[in-house]
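Listed below are the residues making up each chain.
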Amino acid sequence: MNPSLRLTVLCLVAVLVGPGCASGPEPAASEPRAPHGVGDLLIRNASLLITMDPALGEGPLGIVEGGDVLLEGGRIAAVGRGLEGRGRKSLDASGKIVMPGFVDTHDHLWQSIIRGCAADRDLYGWLEACVYPLGRVPFGAQDAYAAVRLATLGLIGTGVTTVLDWSHAFNPGFVEGNLRALRDSGLRFVFAYWVAPPGGCSEAARIQQDLVGEGLAAGFQVAAHPTLANLDQLKEAARCAGELHVPLNVHLGESPKDPQQKQVRALELSGAFDGSLLADHAIHLTDREVELLARHRVAVAHNPLSNMRLASGIMRLPEMHGAGLRIGLGLDGGTADGPDMFASMKAAVGLQRARLQSASAYPGIADVLRMATLGGAEALGLDKITGSLTPGKRADLIILDTKGANFAPRWDGPSQIVLNGQPANVEYVFVDGRALKAEGRLPEGQEKNAVQAVEAAAHRVRAALSASGVRPPAGGD
Ligand SMILES: [Zn+2]
């Protein structure tokens, strides 16, 4: 074990069982992956287990009051009351809520580097000001690592355990840094690789092969952008996804301007509907197009915070759910300006209530909790391994401390998670049974190191933008 890995192991163990830990190592280009071997654990006496498995408890959320969860070998071994610890380490969850970790079905993690950029622009204005210029300047491994590292720490902070990262793959170095930060995070991830850059499908195949070695910890998709104007590129992406036996992942109907690009027609002509397809946003679609998506078993990522920020519109969520589409929640990168799955759930509920002027509009509280966990896992094809506390699945779960002022007085756990939950309530985050957050904190030094590294990266990227004549985003130094 190298010294820095050993230090991180010691820090995490110290955070899990008691006192804090000495300051972390100096900022480095890379940090060690979250350690394995935190050990088997009995989580005891939670005031509420939200299992997301109706077979395990009451109602659609499978609720168990006063329940225990046994973690063994990175899996959920048992769920119930009065479980025997068999000498294992235990964690008292009295007064707390245990539930599956959140699944972020759509994100662009590198975009943490452009937080706050062009706050007065719509989607295309924001892309022109904040995203496209970064494809024209050096944005390499170190900068990508710093940006994605910061984003993943934010995800862990808000209780995300699985993320789909739609990568713009600006250059090979960027991809290397992007993937290294994902691996170091300890999160379960799906890497959606944009096949447009040089290298195309052969490079996609190489990356997929590389990720195969990660086992259940990592997955792969092919990312593309559907327009009739770029039909050949879309055809190649759809062909590549088929060849690699992975889903194609596209932004669809995000802006009111998108229907002019005949995106659904482009998907039809490219053969994209013949394979597995995940569509992000899916706001500006006709009834016929929604029906078409449902017929082809398309999965959808709903990103309410991003849609609000970029004036994109409101997905017709009840109609899409009614059509039988699988729908997960996403944070969608820089446009969310800070990862918060609680705010995302609340927005998903609130937007439909405001749009339809009905307090019974879909999604209700149970619906949105499912969408943020098992629904997202279904949209990513990972529901056999994560998204609920079903024994046999990987131990991806969170513990919420509901004793804080923002939760008081406790009345209705599920409703309060959605309506007044905050990332600060996330006390523990486990992925594969490993604690990535414990006692409400990330391992000592991680955030400080990440902030320093991303500030330096942002400085380099902005200098490159200036040198190339591109005006840096307003407000940046
Ligand atoms: Zn997106």
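Now for a description of the structure that goes with this document.

Quick notes on the rules
Residues numbered from 1 in each chain as written. Predicted model: local features only at pLDDT ≥ 70, side-chain atom pairs only at ≥ 80, totals over all residues. Helix = DSSP H or I, 4+ residues; strand = E, 2+ residues; numbered from the N terminus. Buried ≥ 20, exposed ≤ 12 C-beta atoms within 10 Å, placed from the backbone. Core = buried A, V, L, I, M, F, W, Y, C linked by C-beta atoms within 7 Å. Domains from an automatic or database assignment. Contact = placed C-beta atoms within 7 Å. Axes fitted to C-alpha atoms, helices over the stretch in contact; angles between N-to-C directions. Parallel < 35°, antiparallel > 145°, perpendicular 65-115°, else oblique. Left-handed = near helix turned anticlockwise from the far one by under 90°. Nonpolar A, V, L, I, M, F, W, Y, C, P; charged D, E, K, R; others polar. Pairing = 2+ DSSP bridges.

Considerations on the overall build of the protein
What the protein contains, in helices and strands, is 14 helices and 16 strands. Here the protein holds 477 residues, and the buried ones make up 53% of them.

Looking at the nonpolar core
In terms of nonpolar packing, the biggest core is built from 146 residues, with Leu49, Val69, Val98, Ala147, Tyr193, Val222 and Val300 touching the most fellow members. A total of 11 residues in this core trace back to one element, the largest contributor, which is helix α3 (residues 141-157). Counting contributing residues per domain, this core is built from domain 1 (3-101 + 387-437) and domain 2 (102-379), each supplying no fewer than three.

Here's the deal with the environment of Ile327
Its place among the elements puts Ile327 in strand β13 (residues 326-329). Look at Ile327 and you get buried, because 23 C-beta atoms sit within 10 Å. Linking Ile327 and Val368, residues 41 residues apart in sequence, is a C-alpha distance of 10.0 Å. Apart from the residues within four sequence positions on either side, Ile327 is in contact with Val300, His302, Met320, His321, Met371, Gly375 and Ala379.

Regarding the packing of α3 against helix α14 (residues 446-467)
Packing of α3 against α14 brings their axes to within 8 Å, and their N-to-C directions diverge by 140°. In terms of orientation, α3 lies oblique with respect to α14. Here α3 and α14 pass one another in a crossing that is left-handed. Counting all contacts with α3, which are made through Gln142, Asp143, Ala146, Ala147, Arg149, Leu150 and Leu153, the residues of α14 involved are Gln446, Glu447, Ala450, Val451, Ala453, Val454, Ala457, Arg460 and Val461. Within the contact of α3 with α14, the residues separate by chemical class into 10 nonpolar, 2 polar and 4 charged.

Here we look at the sheet that holds strand β10 (residues 248-252)
Within a sheet, neighbouring strands are paired by backbone hydrogen bonds and run either parallel or antiparallel to one another. Spatially, 8 strands are ordered β6-β7-β8-β9-β10-β11-β12-β13 in an open sheet, and the strand pairing comes out parallel. Two strands lie at the open edges of the sheet, namely β6 (102-107) and β13, each paired on one side alone. Taken over all neighbouring pairs, the strand axes of this sheet differ in orientation by 25° on average, direction set aside. With 5 bridges joining them, β10 and strand β11 (residues 277-281) adopt parallel strand pairing. Its bridge partner being in β11, Asn249 is matched across the sheet by Leu278.

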